[in-house]
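# Residue-level structure breakdown
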Amino acid sequence: MKRVPTYGIMAEFASAQDLVTAARHTHEAGYRKIDAFSPFPVEELADAIGFHKNNVPLVTLIGAIVGGLTGYLMQYWMAVVNYPVNVGGRPYHSWPSFIIITFELTILFGGISAVFGMLALNGLPMPYHPVFNVPRFALASKDRFFLIVFASDPKYDANGTRQFLESLHARSVSEVPG
Amino acid sequence: MPDHLDNVEVANQRAPVIEPGYTFGTITDKISSIVLTRPTSLGWVVGFGAGFLVTMMLLFALGYLFIKGTGIWGINIPIGWGFAIVNFVWWIGIGHAGTLISAILLLLRQSWRNSINRFAEAMTLFAVACAGIFPLVHTGRPWLAYWMFPYPNTMNYWPQFRSPLLWDVFAVSTYFTISLLFWFIGLIPDLATLRDRADNKYARMSYGLLAMGWRGSARHWARYESAYLLLAGLATPLVLSVHTVVSFDFAVAIVPGWHTTIFPPYFVAGAIYSGFAMVLMLAIPIRKIYGLEDFITDRHLQNSAKVMLATGWIVAYGYGIEAFTGWYGGNRYDQALLWNRLHGPYAGLYWMLLICNIFIPQLLWFRKMRTNPVWLFMISGVILVGMWLERFVIIVLSLSRDFLTSSWGMYYPTRWDWMTYFGTIGMFLTAMFLFVRILPMISIFEMRTLLPEAEVKPE
Amino acid sequence: MENAKSKREDVCPGKKPANRMDRATVERQLKETKGPEYWRSLEELAGSPEFQDMLHREFPKGASEWLDSVSRRGFLQLMGASLAMAGMTGCTKLPLQEIVPYVRQPEQVIPGVAMYYATAFTLSGYANPLLVESHLGRPTKIEGNNLHPASLGGTDIFAQASILGMYDPDRSQAITHLGDVEPWAEFVKEIKGPLAVQKALAGAGIRILTQTISSPTLKDQMQAFLAMYPKAKWHVYEPVNRDNTLEGAKLAFGEALETQYRLENAAVIVSLDADFLYAGFPGNVRYIRDFAKKRNPDAEMSRMYVVESNPSSTGAKADHRLPVRASEVEGFARAIASAVGVNVGGAPSSGEHTKFVESVVEDLQKHEGESVIIAGDHQPPAVHALAHAMNVALGNVGKTVVYTDPVDSNPVNQVESLRDLVSDMRTGQVDLLVIMGGNPVYDAPADLGFRDCLKNSKISLRIYHGLYENETAELCHWSVNEAHYLEAWSDGRAYDGTVSVVQPLIAPLYAGKSAHEMLSALVSVPDATGYEIVRGHWQKQHAGPEFEAWWRKTLNDGFIEGSAYPPKSVSLKLQSLPVAAAVGANSLEVNLRRDPSVYDGQFANNGWLQELPKPMSKLTWDNAVLIGPKMADREGIKTMDVVTLELGGRKITGPVWIQAGHPDHSVTVHLGYGRRKAGRAGTGAGFDAYVLRTTNALWFATGGKLTKTGDHYQLASTQGYQTMDTGDGETRPLVRAATLEEYRKEPKFAKEGEPPAALTLYPGYDYKKSPDAWGMTIDLNACVGCNNCIIACQSENNIAVVGKEQVVKGRHMHWIRVDAYYQGDRDAPQAYFQPVPCMQCENAPCELVCPVGATVHSSEGLNDMVYNRCIGTRYCSNNCPYKVRRFNFLLFQDWETPQYKLMRNPDVSVRSRGVMEKCTYCVQRITEHRINAETAAVRENREFKIEDGSLQTACQQSCPADAIVFGNINDPNSRVAKLKAQDRNYGLLADLNTRPRTTYLAEIRNPNPELET
C-alpha cells in the first residue's frame, strides 16, 4: 500500500485573536513555510506569519504610468505626427484637450494592473488546492480560522509539528493530504 | 479603526450600523440564505417579468430606430440632442453614488457603508450600462459608432481628440471597467462562501468558478486588501472625473446655458445627489422585503439622507451661480437665456425642477423625515425626477433658443422617446432583480469585520 | 412602385378594345408559329401597328418604363428577337438635330465635363434667357444667360426650379384618349375627320385656347392656322394676366403698349402696389440688378416709396413703405398725380397721409426725368393710366420709362376673351376645342363656370395639350402630353422684346409634343419637327447664304441680336378718369394674389417651390389667409386658426397667418393651391382661392366677411421667430442697418463687437500659405429676398425635399436660407432680409466638437464636411451659432425615382440618412476651376491662378441683385477682398470670435428727412 504524501498539518481556531497569537508563536518557533486562513481580512495576520513584501502597489504604479504615457503619446502621435489636420483653427498639439484621455487611461491601466496583478501574485485562479481536502476547511469562508505548516518546511516533522500546534490551543489539528 | 468609531457612536446612543447579537455565522447564514435557500417568491417573479417586458419594449423601440433613423424622435435643428442625451446624463449621474459609497467612503473609513456598498456598486454597473446605450444609438449611423475608437484603418484617419464626446467615450468606458472590477473583486470572498455552502451541484460549480479558488490565505488577504484600497484610490478621482467630462460636453460648447465654468463641480454634486436618491429607492424596499433591517439600519438611511441634503445644497448653489453670472456677466446671450428659463416656453419645467431639487428636499432637515422610510422613498423619487428635469432644461431649453432668433425652435418628444427612456428603466430593474436573486446583495465578509469579535488586540 | 402602379392604372384603366393587343395575345401568336416562320412572324408582328401600339403602351419612348409595374423580364423575353425596338427607347439622347453648345464645342461630350447650352424659360409669355448645364446629355442645373440684357446672369425662382419640373415623374407621359394610351399617329388620324368637317365650315366651330404667347414662330403658325380656318377663333387666358396693364396703356395712350423701366436711371421710385422686385413681374431679374446698383450708399443712392396692399419683398426694400388697402391706392395715385400736374378730374384723396404724399411729390419734382412711378399689375387700369400720365408729366418717358410694342403676340383682354369662349360653348357654337397649356378648369374666374360648361357642353372633340394630366385634361377627350421646354424647340420674347431661341437639352423623356408640333398637326403637317418649324420660321426672316452662321451664333448666344423692340414715342390721350366708387373704410377687402412660390398653380407639383419659404411669411407647402396684427387683435384670431372667408356669396376655408405690416380691414389670399390633380407634391396642398375669383374682381374686392370656425390647422414656417428682439427686451444686432445720414456720420457703425485679431494664446492657422483663401460677402443692401439663391443651391447640391411634416418639425434641408426680420411697429414694420449660408468660420465651433473629425478645415479655409466620415452625433449642429447645418434625420433623399437620378449633379455626392450636411461654398466648382487653372498653368507654363470672378458659387451666379460675391481673400485685388475692406463689412455674431469667412455689408436706408419722425 502506497502512502499518500502529506501537504502539511492544519490547525483550526475559533477566533481571529487565537489565530493571530498561534501564527505569531509558530513563526517565532522558527517555522517559515506556514500560512493562515480567515473568513475576513485580519491585518495582523500577514505580519504574524512573516509576510512583508507585497508588490501590488508597485505593479499598480507601473500600470498607471504606462497608461498615462500611452494616453498622451497616442494622442500626440495621431493628432500631430501621423495625421495632422486643421480643426477649427486649433493647434495640432492641443495639449489641454489631450489631458482628459491621458487621465482616463492612467486610471484604466492602473486599475486593471491592480486587480490582475493581485490575482497573479496570489496565483489565482487556482480551482484545486490541497487544503480543500480537509472537510472542516469549508468553514474557513464562514467563521473558522486555520493555520497550516507545510510539509516542505525544513523544521517540519509530522509528530513534532502536530504536537506543537496542539500546544497552541487549536480546536483541532488535522493532516492535509497532498 | 472602524470598530473604534462604532463603539464611540454606540456610546453616543446613535443607531448602530449593525444590530447587536450577530456572529460571523449568523451574518453569513442570513445573507447567503437569501441566495441559496430562500425559495423564489411570486413577488420576485412578477417584478422580474414586468422589468423584462419593459426591456423588450426597449429593444422594439431601438429596432425601429435602427430601421428608420433618429427622425422618429422629436429632435430637430436647432435641438439636435433630446431625450437620448438627457437620459444618458441622468443614468451616468445615478451611477455615481455606487462608486462614491464603495470607494470614497472606504477611504474615509466610513464602515457603515459595508452593508450598502455591494448593491450600490451593482446599481452603478447597471446604471452605467443603461447610460451607455444612449450615446451609441443617438448617432445617425450607429453601425459606425466604433469610429469613435482609435483603431488603425485604411483611411489612416483617427478620432478627433479635442471633442468632448470622445472624452466621454474614454471616461465612460473606463468608468464601467473599473466599476466592474471593483464590484467583482469585492465579490470574490463571498463567492467562496457561497461555493462552500451551496448544496446544489451546479450552483457550487458556478460559484466555485467565479471564486477562482479563493481560500482566504493571509497572504492573499494582504494583497487583496491593498489592491482593493488602491482601486478605491483610483476610482475616487475617476468618479469625480466622469461627470466632469460629461459636463464638458456642454461646458466646452458655446451654446448659452452650456458654456459655464460651474458645470463640473455642480454636475458631480448633482450626480451624487441623484445617485443616493436611487440607492434609497432600492434599499428601502429591499431591506423590507428581505428583512435586512438589522444590516441596513436607520443609520444608513439617515446618513444617505444627509448626503443628499448636502449635495442638494451644492446643486442649489450651482443654480444660483448660474443665474447670477448670467445676469452679472452682462453677456447678452446669457441674460436672454436666464430670462428664457424664467419666462420662456419651458419656464414651467424650470420652476418644477427648482421645486423638486431644492424646495421639497429641505424636508430632510427633520429627523422624522430622515428616519421615515416611506417619506424618504418619496422624497428620493422627487429628487430623481428633479434631476432628470435639470438635464432636460440644460440640454433642450438651452438649444431651443441660442444665437439667431430666426433659428429658434421647440422640442416635442415622440412616443419613441418615451419608450426608449422607460425601456432603460425596465432594463435596470431586470438586472437588479437578477442580481438580488443570484448574488449576495450585502458584502458578507465586510459585514463580519464590523463585529466586535473581528477585532484583534495588539499584545 | 406604389405610385407607379396607381399612376399606371389611372393612365390606362382596365378595359381594352378588342382590336388592341396585349402580351398574352402576342405570346399566343408566337406559340402557334414555329421554326423559321417564327422569325418572320415575329418581324411581321413587330411591324404591325397594333404591336407598335402595344410596344408603346408597354414601353413608352424614353421613360415611362420606369413607372411600368408589369414585369420587365417577361417583356424582354418576348422582345428578345427584335431589340432594335428597345434601341429607340434610350432615355437620355441628345436631340437628333444639332444644337450648339454655349462654350467651345469639344470633339465629343467628355464625361465629367459639363457643357452649357443657351435656352429660355417662358412664363406667362415672357422669356427668361438661360444657360443650362448639361452632363452627358442630362440637363442638371439652370443658370442665367449673362450675355442677355434681360438676365445678365440672373434668374428667378421659377426658371431655377423648372429643371425639377422637367424630371417630374408625375408629368403627363403619354397621349391618352378617354384614358387609353394612344400613339401620336392615332391622334393625328382621329382628328383628320373633324378637321375636314370644319374645313367645310371655314372652321366656324374651332376654338383654340392658349396661354399668353410671345413666340414669333407660334404666332406665325397660329396665323397660318387662322388663314386655313378663317372662322376659327383664338382665345387667350391666363389667371395671372396683365389685362389691367393693357387697359391702362389703352386709357393713357389709346394703344396696347409694353412698359419697361430703366431703374438704373431712377433716383426716386414710387411703387403703387407693384411688387416689381419679385419673380413673376416681367423683367424682374433685370430690374433687381438695376435697382441694386442704385442702392450703393457710397455713390448716388436712390430712394424708394412703396404704397402697397400686401407685404412684399419690394415693400421690404422701400425707404418709406405705406401699407394701405388695394382699393385706396387709386386715391393716392390721384393725389400725387394732381400734385405733379396731371389733371384728370375727381377730388384727390390721400386720406390721413397728406404728409407722405407731399414729401413724395416734392421728391418727384426734385428729380424730374430721373424718377419713376410703377403701378402694380393687379391695380385697376385707372391707376396704370395715372402712372403713365405722371411719368409723362415728370418727363421720365425715354429716361426711366420706355414704351414699346407689347411682348404678348395677341394682346387681348384675356378675361373678355375667355368670356366669349364660354358663351360660345354655352350656345353650342363650338365643335372642336383645343386647349393648349394652362388649366382653365381650375383657374378660370368662378363666375364663368368654365368647368361645368366644359363638362356638360356638347363639344364633340375636346383636346388638351399640356405638361400634366390636370383638372382640365380630365374633362377632354384627348390629352396630348406636351414636351417640356428643355425637351423642345421654340422661341419667345423677353420683357424687352428680345427674341430668345429655346433649344432642347434632351430628347423628350415621354415623347411629348411641343406647341409648334401640335399646331402643325392641326394644319395637317403632323410630322414636322419642332426644329424644322422654328428654324424654318427664322430662315424666312433671314434668307440668304449667311443664315447658317447667323443661326449658329443665335443658338450660341441664346438670343437674336438686336431683336429688342425699339422704344416708341407716345402721346398722352388721357382726358379725365371717372372716380371709382368710394369703398367703406371698414368694409373688409379681399386680395387675391399669385403665390410667391407656386405662381398661379402651374408649379404646384414642384417640390422645390412648395418647400421654398415665401419671402415674407416663410410659409411652405400651404397658402394662408394673411391678415394684419391690428385686425387679428380686434377679431381675436390667432395664427393657424381656421376661418371661412366669404365674398359675394362665395366661400373658402383656410388657416390664418398673421402677417406683420399687412394693412387693416384687408386680407390677402394666395392663388395656386388646393389643386385636385397636380401630382404627388401638389395635390391637396393648401386651399383653392380661385373659388372667390370673379371676372369683375380678379384681384381684389371689398365686402368680404371673415368668421372663425374654431378649428386649428398646422402651417409649416421655416423661421422660428421673425424679429431680432429677444424676450428680455434686448435686440440682437444680426442685421445691422443705418440711414444714409447716420452712415455718412458714422461709417464704421457696423463694426460693433468685433474682437481683436490676436485674442488667442495660440498661433492661428496661416492661410496665407495657400494661393487661395475663399471668402464671401453678402450685401444686405442689395439683397431683395427673391429666394433665388435657395433654389439655385438646392439644384446645384442635390438637396432633398423633406415634405410638410418634416418642415413643421424643423428639419428642412436648405443650405442657404433667407431670414426675414421685422422691426418696429407690427402694423408698419421695417423688414430686413438676411441670406445665411455656412459662414465657413476660421475658428469653426462645429469642427472642434466632432468626435470623428468628419468636419475639418481645408488649407483654403473651407469648413469641409466629410459625409462618409460622419456618424451623425449632431454635436456640430448644436455648436453652430448660425444653425446652418442640416441633418438627414430620416432617409430624405429619393433613391428610387429614376428621373431624379438623371437630374442630380454628378459632382455632388447624394447624402443619405444619418449624415450631417451643409453649404460647402460649392467646393465642387472650386475644385473644377482649380483643376482647369492647373492644367492651363501647366500648358501655358505660367503661374497657377484662378481668375477672380471666373469662379462663382451657385447662389452667387444666379443672384439677380449681384448681392453675393465670392472669391480669394488672399488676393487684395479680388472683388471680395475689396468689399471686405469696406466700412459696411461686418461678421454675423463676430463677437463669438468664430472669424466667419462669410461676412455681410450692412444695410443702408435712404429715408426722406421730411418724413423722419
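Here the structure is a predicted model, which means the values were calculated and not measured.

## Regarding the overall build of chain C
For chain C, the count of helices and strands is 33 helices and 38 strands. Per-residue burial for chain C yields a buried fraction of 65% across its 1013 residues. In chain C, the share of contacts with a sequence separation of at least 24, taken over all contacts with a separation of at least 6, comes to 75%. When the accessible surface of chain C is split by element, carbon and sulfur atoms take 54% of a total near 35,100 Å².

## As for the overall build of chain A
Secondary structure assignment for chain A yields five helices and four strands. Beginning at the N terminus, the succession of helices and strands in chain A can be written as β-α-β-α-α-α-β-α-β. In terms of overall size, chain A is more extended than a compact globule, its C-alpha atoms giving a radius of gyration of 25 Å where 178 residues would be expected to give roughly 16 Å. Taken along the three principal axes of its C-alpha coordinates, chain A extends 80 × 40 × 30 Å. The buried share of chain A, taken over its 178 residues, is 49%. For chain A, the accessible area works out to roughly 8,000 Å², and carbon and sulfur atoms hold 64% of it.

## Details of the nonpolar core
Core analysis: the biggest nonpolar cluster contains 399 residues, and Trp91(B), Trp258(B), Phe428(B), Phe435(B), Leu263(C), Phe276(C) and Met390(C) have the highest contact counts within it. Here this core gets 18 residues from one element, more than from any other, and that element is helix H6 (residues 164-197) of chain B. Not counting residues within four places of it along the chain, the set of residues in contact with Phe276(C) comprises Leu263(C), Ile269(C), Ser271(C), Phe281(C), Asn284(C), Tyr287(C), Met304(C), Thr314(C) and Ile374(C). Among the nonpolar cores identified, the runner-up in size contains 29 residues, and Phe187(C), Val188(C), Ile208(C) and Ile463(C) belong to it.

## Section: the interface of chain C and chain A
Each side of the interface is counted separately: chain C has ten residues, and chain A has ten residues. When chain C packs against chain A, close to 890 Å² is buried across both sides, 58% of that on carbon and sulfur atoms. The largest share of the area that chain C buries against chain A comes from Tyr762(C), Tyr765(C) and Leu848(C), three residues that together contribute 50% of it. Summed over the shared surface of chain C and chain A, the result is zero salt bridges. Counting across the interface, chain C meets chain A through three residue pairs in polar contact (both at pLDDT 80 or more). Of the residues belonging to the side of chain C that touches chain A, the class tally is six nonpolar, two polar and two charged.

## Comments concerning the sheet that holds strand S36 (residues 985-986) of chain C
Residues and elements named next belong to chain C. The strand order S35-S28-S37-S36 describes an open sheet built from four strands, whose pairing is mixed. A strand with exactly one partner marks an edge of an open sheet, and here the two such strands are strand S35 (964-968) and S36. Note that strand S28 (residues 774-779) and S35 share five bridges and pair antiparallel. Residue pairing across strands places tryptophan 774 opposite asparagine 968, the latter belonging to S35.

## Description of the sheet that holds strand S3 (residues 145-150) of chain A
All names here are of chain A. If you trace the four strands from one edge of the open sheet to the other, you get S2-S3-S1-S4, paired in antiparallel fashion. Of all strands in the sheet, those with a lone pairing partner are strand S2 (34-37) and strand S4 (172-177), marking the two edges. Strand-to-strand twist in this sheet, taken as the mean axis angle between neighbours without regard to direction, amounts to 20 degrees. Direction of pairing for S2 relative to S3: antiparallel, over a ladder of four bridges. Paired with alanine 36 across the strands is leucine 147, a residue of S3.

## Concerning the pairing of strand S25 (residues 700-712) of chain C
Residue and element names in this part refer to chain C. Pairing between strand S19 (residues 588-593) and S25: four bridges, direction antiparallel. Looking at S25, one finds that leucine 588 is bridged to glycine 704. As paired strands, strand S22 (residues 641-647) and S25 are joined by five bridges and run antiparallel to one another. Each residue of the ladder has a partner; that of aspartate 641, found in S25, is histidine 712.

## Describing the pattern of salt bridges
Tallied over the entire structure, the rule returns 64 salt bridges over all chains. Two residues, Arg391(B) and Glu390(B), come together in a salt bridge whose shortest N-O distance is 3.7 Å. In this structure, Arg391(B) and Glu390(B) share a single accessibility class: buried. Among the charged side chains, a network of salt bridges with common partners joins Glu12(A), Arg136(A), Asp143(A), Arg144(A) and Arg171(A).

## Details of the interface of chain B and chain C
At the junction of the two partners, chain B supplies 56 residues and chain C supplies 57 residues. Approximately 4,700 Å² of surface area, both sides summed, lies buried where chain B meets chain C, with 55% of it carried by carbon and sulfur atoms. Ranking the residues of chain B by area buried against chain C places Ile77(B), Arg332(B) and Leu404(B) at the top, with a combined share of 16%. At the boundary of chain B with chain C, the tally comes to three salt bridges. Salt-bridge contacts for Arg332(B) lead to Glu730(C); the nearest nitrogen and oxygen are separated by 3.9 Å. Across the chain B-chain C interface, the total number found is 37 residue pairs in polar contact (both at pLDDT 80 or more). When residues of the side of chain B that touches chain C are traced back to their parent elements, those giving at least two are helix H3 (42-68), H6, helix H8 (218-251) and helix H11 (332-343) of chain B. A per-element tally of the side of chain B that touches chain C places H11(B) first, with five residues. Taken together, the residues that form the side of chain B that touches chain C break down as 35 nonpolar, 15 polar and six charged.

## Quick look at the packing of H11(B) against helix H12 (residues 347-359) of chain B
Residues and elements named next belong to chain B. Axis separation between H11 and H12 bottoms out at 5 Å; the angle between their running directions is 80 degrees. Regarding the angle of H11 to H12, the classification is roughly perpendicular. Facing Arg341, Leu342 and His343 of H11, the residues of H12 in contact are Ala347, Tyr350 and Trp351. Here the contact of H11 with H12 is composed, by residue class, of four nonpolar, one polar and one charged.

## Remarks on the confidence of the model for chain C
All names here are of chain C. Residues of chain C with pLDDT of at least 70 account for 89%, and the chain-wide mean is 86. Of the regions scoring below 50 in pLDDT, residues 1-19 engages in 26 contacts with residues more than four places distant in sequence or in other chains. Segment residues 35-45 is flagged for pLDDT under 50; beyond a separation of four residues in sequence, or across chains, it makes twelve contacts in the model. Interface confidence in the predicted complex, given as ipTM, is 0.90; pTM for the same model is 0.88.

## Let's talk about the pairing of S28(C)
All names here are of chain C. A large share of S28 lies buried, amounting to six of its six residues. The pairing of S28 with strand S37 (residues 998-1001) spans four bridges and is classified as parallel. Its bridge partner being in S37, threonine 777 is matched across the sheet by threonine 999.

## Considering the environment of Leu519(C)
Residue and element names in this part refer to chain C. Relative to the helices and strands, leucine 519 resides in helix H20 (residues 515-522). Between the alpha carbons of leucine 519 and lysine 355 there is a distance of 57 Å; along the sequence they are 164 residues apart. In this structure leucine 519 touches Ile208, Leu218, Gln221, Met222 and Met436, once residues within four positions along its chain are discounted.

## Here we look at the side chain of Asn985(C)
All names here are of chain C. Mapped onto the elements of the fold, asparagine 985 is located in strand S36. At 3.3 Å, the side chain of asparagine 985 and the backbone oxygen of lysine 980 are in polar contact. Setting aside residues up to four positions removed in sequence, asparagine 985 forms contacts with Lys751, Thr777, Leu979, Lys980, Thr999, Tyr1000 and Leu1001.

## Things to note about the environment of Gln722(C)
Residues and elements named next belong to chain C. On the secondary structure map, glutamine 722 appears in the loop between strand S26 (716-717) and strand S27 (737-739). Those residues in contact with glutamine 722, other than ones at most four positions away along the chain, are Met616, Ser617, Lys618, Ala820, Tyr821 and Tyr822. For glutamine 722, the side chain forms a polar contact with the main-chain oxygen of methionine 616, separated by 3.2 Å.

## Side note on the packing of aromatic side chains
Across all of its chains, the model carries 87 aromatic pairs over all chains by this definition. Where Phe37(A) meets Phe137(A), the ring centres are 5.0 Å apart and the plane angle is 90 degrees; that geometry is what we call edge-to-face. Here Phe137(A) lies in the loop between helix H4 (95-121) and S3 and Phe37(A) lies in strand S2, a separation of 100 residues in the sequence. Neither Phe37(A) nor Phe137(A) differs from the other in exposure class; each is buried. Arranged with centres 4.9 Å apart and planes meeting at 85 degrees, the rings of Phe887(C) and Phe889(C) form a pair that is edge-to-face. Comparing Phe887(C) with Phe889(C) shows no difference in burial state: the two are buried. Following the ring pairs from residue to residue traces out a cluster consisting of Phe83(B), Trp90(B), Trp91(B), Tyr346(B), Trp388(B), Phe392(B), Tyr411(B), Trp418(B), Tyr421(B), Phe422(B) and Phe428(B). The ring of Phe889(C) is capped by Arg811(C), whose NZ or CZ atom sits 4.7 Å from the centre of that ring.

Criteria and cut-off values
- Residues numbered from 1 in each chain as written.
- Chains lettered and ligands numbered in written order.
- Predicted model: local features only at pLDDT ≥ 70, side-chain atom pairs only at ≥ 80, totals over all residues.
- Heavy atoms only, no water.
- Helix = DSSP H or I, 4+ residues; strand = E, 2+ residues; numbered from the N terminus.
- Buried < 20%, exposed > 50% of the residue type's maximum accessible area, 1.4 Å probe, protein only.
- Contact = heavy atoms within 4.5 Å.
- Areas by Shrake-Rupley, 256 points an atom, 1.4 Å probe, with all protein chains shown as cover.
- Rg over C-alpha atoms; globule rule 2.2 N^0.38 Å.
- Core = buried A, V, L, I, M, F, W, Y, C linked by side-chain atoms within 4.5 Å.
- Buried area = accessible area lost by both parts, 1.4 Å probe.
- Salt bridge = Lys/Arg side-chain N within 4 Å of Asp/Glu carboxyl O.
- Polar contact = N/O pair within 3.5 Å; in protein donor to acceptor, adjacent residues only side chain to side chain.
- Nonpolar A, V, L, I, M, F, W, Y, C, P; charged D, E, K, R; others polar.
- Pairing = 2+ DSSP bridges.
- Axes fitted to C-alpha atoms, helices over the stretch in contact; angles between N-to-C directions.
- Parallel < 35°, antiparallel > 145°, perpendicular 65-115°, else oblique.
- pLDDT = per-residue confidence, 0-100.
- Phe/Tyr/Trp six-rings, centres within 6.5 Å; stacked < 30°, edge-to-face > 60°.
- Lys NZ or Arg CZ within 6 Å of the ring centre and 35° of its normal.

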